[in-house]
Amino acid sequence: MAVHKNGIIVIGAVFVDIKGFPEGIYLPTGRNAGKIKYVHGGVSRNVVEDIANIELRPTFLGIVDDSALGGDVIRKLQNHKVNTEYMRTIPNGMGTWLAVFDHNGDLAGSVSQRPNLMPILDILEEKGDEIFAEADSVVVEVDIDKEIVKKVIQLCEKYDKKLYGVISNMSIAIERRDFLQKFDCFICNLEEAGIFFTDDYSEKTPAEMEKILAGCLEKANIDSMVITMGGDGAVYAERSGKSGFCPARKVQVRDTTGAGDSFCAGVVSGLTYGCDLSESVEIGTRLAASVVTSSENVCPRFLPAELGIRV
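Residues numbered from 1 in each chain as written. Predicted model: local features only at pLDDT ≥ 70, side-chain atom pairs only at ≥ 80, totals over all residues. Heavy atoms only, no water.

K.L.:
Is there a simple way to think about the pattern of salt bridges in this case?
P.N.:
Close approach of charged atoms lets side chains of opposite charge pair. A full pass over the atoms with the stated rule returns 14 salt bridges. Between Glu85 and Lys5 there is a salt bridge whose closest N-O contact spans 2.9 Å. Of this pair, Glu85 sits in the loop between helix H2 (68-79) and strand S6 (88-90) while Lys5 sits in the segment before strand S1 (7-11), and the two are 80 residues apart along the sequence. Between Lys151 and Glu125 there is a salt bridge, and its shortest N-O distance comes to 3.6 Å. Remark: Glu125 occurs in helix H3 (residues 119-133) and Lys151 occurs in helix H4 (residues 146-159); sequence separation between them is 26 residues. Among the residues examined, Glu125 registers a relative accessible area of 49% and is labelled partly exposed. Taken together, the salt bridges that share partners define one network made up of Arg45, Glu49 and Lys76. (Salt bridge = Lys/Arg side-chain N within 4 Å of Asp/Glu carboxyl O. Helix = DSSP H or I, 4+ residues; strand = E, 2+ residues; numbered from the N terminus. Buried < 20%, exposed > 50% of the residue type's maximum accessible area, 1.4 Å probe, protein only.)

K.L.:
Before we go on, may I ask you to explain the sheet that holds strand S13 (residues 234-238) in this structure?
P.N.:
What links the strands of a sheet is backbone hydrogen bonding, and the strands pair in either a parallel or an antiparallel sense. Taken together, eight strands build an open sheet; the order of strands is S4-S1-S9-S10-S11-S12-S13-S14 and the sheet is mixed. Only two strands of the sheet have a single neighbouring strand rather than two, namely strand S4 (59-61) and strand S14 (243-246). Within the sheet, the average angular offset between the axes of one strand and its neighbour, ignoring direction, is 15°. The pairing of strand S10 (residues 162-166) with strand S11 (residues 185-189) spans two bridges and is classified as parallel. The residue of S11 that forms the bridge with Gly165 is Phe186. Each of S1, S4, strand S9 (135-141) and S10 is contacted by helix H1 (residues 43-52), which is oriented at about 165° to S1, the strand it contacts most. Sheet strands touched by H4: S1, S9 and S10. Its angle to S9, the strand with the most contacts, is close to 160°. (Pairing = 2+ DSSP bridges. Axes fitted to C-alpha atoms, helices over the stretch in contact; angles between N-to-C directions. Contact = heavy atoms within 4.5 Å.)

See below:
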């Protein structure tokens, strides 16, 4: 399958991730000596770099600060062969995510500050036709401004492009349930799925979740959905009735940041370039495993053929 000029379009926010790692046992109410690291982040920014790292030449529609750090974000994306020609630079264009990890590499707590993303709507109004006409598929953060999501759906319908949803804040995304009926696949984690379907799935096994998800999709009129379950793997289902489970790969965990984003990138890349949902979830699982073994937010370099993607 040939890749169009703009490849997979990814739309969303850029964040600066400030990550703290304790030197010893993490004490939630005490002072913890350790290391602090600044990393380029944001769900969509991570997803687009992951897609680029498997040599698929995606395009990013996002905003950065008019600062040295904002310039660094664009240069890094360009170095990874992301098309940044439609990005905008404005004051305070990036968000911040402050996170602390415990001695096991698991997230102990976080606070995030979202940026104003409405300038993305201006990009879509001005350049949307040329961007989407040359796209292979589109990925958007479901919880960004409603006007942006609505415009993305309109453009996808106009140019017959597959639309995939990722999530940063499910409390906001739950207000967009009607929009998700227009998506080809929606990807989230177990806690987010509980918020979305107003239930508690924390004690459910993968086999139980697979059955629950299949029933929920039929009732909610959503085409397909994937739910990640951390170390238990991921379940997936389609409204047509197909469903399944993919176990997580057994690797030594160093830092879980970005694992979900790389998983999303793998699923979307597979679905865009000819893989079915089962194969695509396998690709996502492999990319996620490659991220948790390092302190990086994104996956290392892969060739598409290594993952079963033929372009």
